[in-house]
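Structure assessment
Letter by letter, the chains look like this.
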Amino acid sequence: MTADRDGVLSAIATPERAVADIGGLIGDTVAFGPVTAGPGGMATARGVGVVGRLRGRRGSGPGSAEVHVPVQLDVSVEIGTQTVPVEARMTVRIGLQACLAPEGDHIVVEVDEIGPGDIALETHARGVGGVFVRRLGNLDAEIRHHVIGYVTDLLTTPEARELRFIALDEGEETA
């Protein structure tokens, strides 16, 4: 019975399906802000990003997968009257685990909690303002914090929750 269940999970909850579903939720662009940033909320940040080609791969167990979401993000940090542009390249890892529901008529896909370690990030801020922004607050930690909130909110929308329930008869259509 376990082998049958594992086969069903592997056939229905594929990395390709995860990429398509998450890609449909995220779209081609992302945006956040204005949000307060830095110590005491002394700065305001806004970000707009372009989503690259998502990649998916199977995880270590049946029904587990990872989706990697690359984003080129342009962030503007406003401190007083100065605006500091920051370029950020990141990849967000979203871990998924599919399991058979107790009723046995559908699959439920659980999403791993996203943490700072799930975001590979490289930032570039130029000039005196860039040095100031880096030293004033932990820029990378701030960006990770806001990205985690954005992705978590996105993955808890009604549309995302609906995608996490897969009827078993869908497997017959795709098999």
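Before reading further, recall that the structure is shown in the block above.
Since the structure is predicted, the reported quantities are computational estimates derived from the model, not experimental observations. (Residues numbered from 1 in each chain as written. Predicted model: local features only at pLDDT ≥ 70, side-chain atom pairs only at ≥ 80, totals over all residues. Heavy atoms only, no water.)

Let's shift gears to the pattern of salt bridges. Evaluated as defined, the whole model comprises eight salt bridges. In this structure, Arg 57 and Glu 66 form a salt bridge, with 3.2 Å as the shortest nitrogen-oxygen distance. On the basis of relative accessibility, which here comes to 15%, the residue Glu 66 falls in the buried class. Arg 93 is the salt-bridge partner of Asp 118, the closest N and O atoms lying 3.1 Å from each other. In this pair, Asp 118 is assigned in the loop between β6 (106-111) and β7 (119-125) and Arg 93 in strand β5 (residues 82-100), connecting sequence segments 25 residues apart. (Salt bridge = Lys/Arg side-chain N within 4 Å of Asp/Glu carboxyl O. Buried < 20%, exposed > 50% of the residue type's maximum accessible area, 1.4 Å probe, protein only. Helix = DSSP H or I, 4+ residues; strand = E, 2+ residues; numbered from the N terminus.)

This part is about helix α2 (residues 15-26). Here α2 spans 16 Å end to end across 12 residues, near enough to the 16 Å set by a 1.5 Å rise per residue. Buried within α2 are the following residues: Pro 15, Ala 18, Ile 22, Leu 25 and Ile 26. Within α2, the buried residues cover an arc of 90° as seen down the axis, which keeps them to one side. Among the exposed residues of α2, those oriented more than 90 degrees off its buried face are Glu 16, Ala 20 and Gly 24. (Expected span 1.5 Å × (residues − 1). Arc of directions from axis to C-beta.)

Take empty space enclosed by the protein next. Throughout the structure, instances matching the rule amount to three cavities of 30 Å³ or more. Within this model, the largest cavity holds a volume of roughly 220 Å³. Lining the largest cavity are 18 residues, with Ala 18, Asp 21, Leu 96, Val 109 and Leu 163 sitting closest to its centre. If you list the elements that add at least two residues to the lining of the largest cavity, you get α2, β5, β6 and α5 (158-163). For the lining of the largest cavity, the element with the highest residue contribution is α2, accounting for five residues. Residue composition of the lining of the largest cavity, grouped by class: 13 nonpolar, two polar and three charged. (1 Å grid on protein atoms, 1.4 Å probe; cavity = no way out; pocket = protein on both sides within 12 Å on 5 of 7 lines; lining within 4 Å. Points joined across faces, edges and corners; volume = space filled by probe spheres on them. Nonpolar A, V, L, I, M, F, W, Y, C, P; charged D, E, K, R; others polar.)

What follows covers the pairing of β5. In the sheet, strand β4 (residues 64-79) pairs with β5 via 16 bridges, with the strands oriented antiparallel. Bridge pairing links Ile 79 to Gln 82 in β5. Hairpin geometry of β4 and β5 is characterised by an intervening segment of two residues between the two adjacent antiparallel strands and by a positive phi of about 65° at Gly 80. Two elements, β5 and β7, share seven bridges in a ladder whose sense is antiparallel. (Pairing = 2+ DSSP bridges.)

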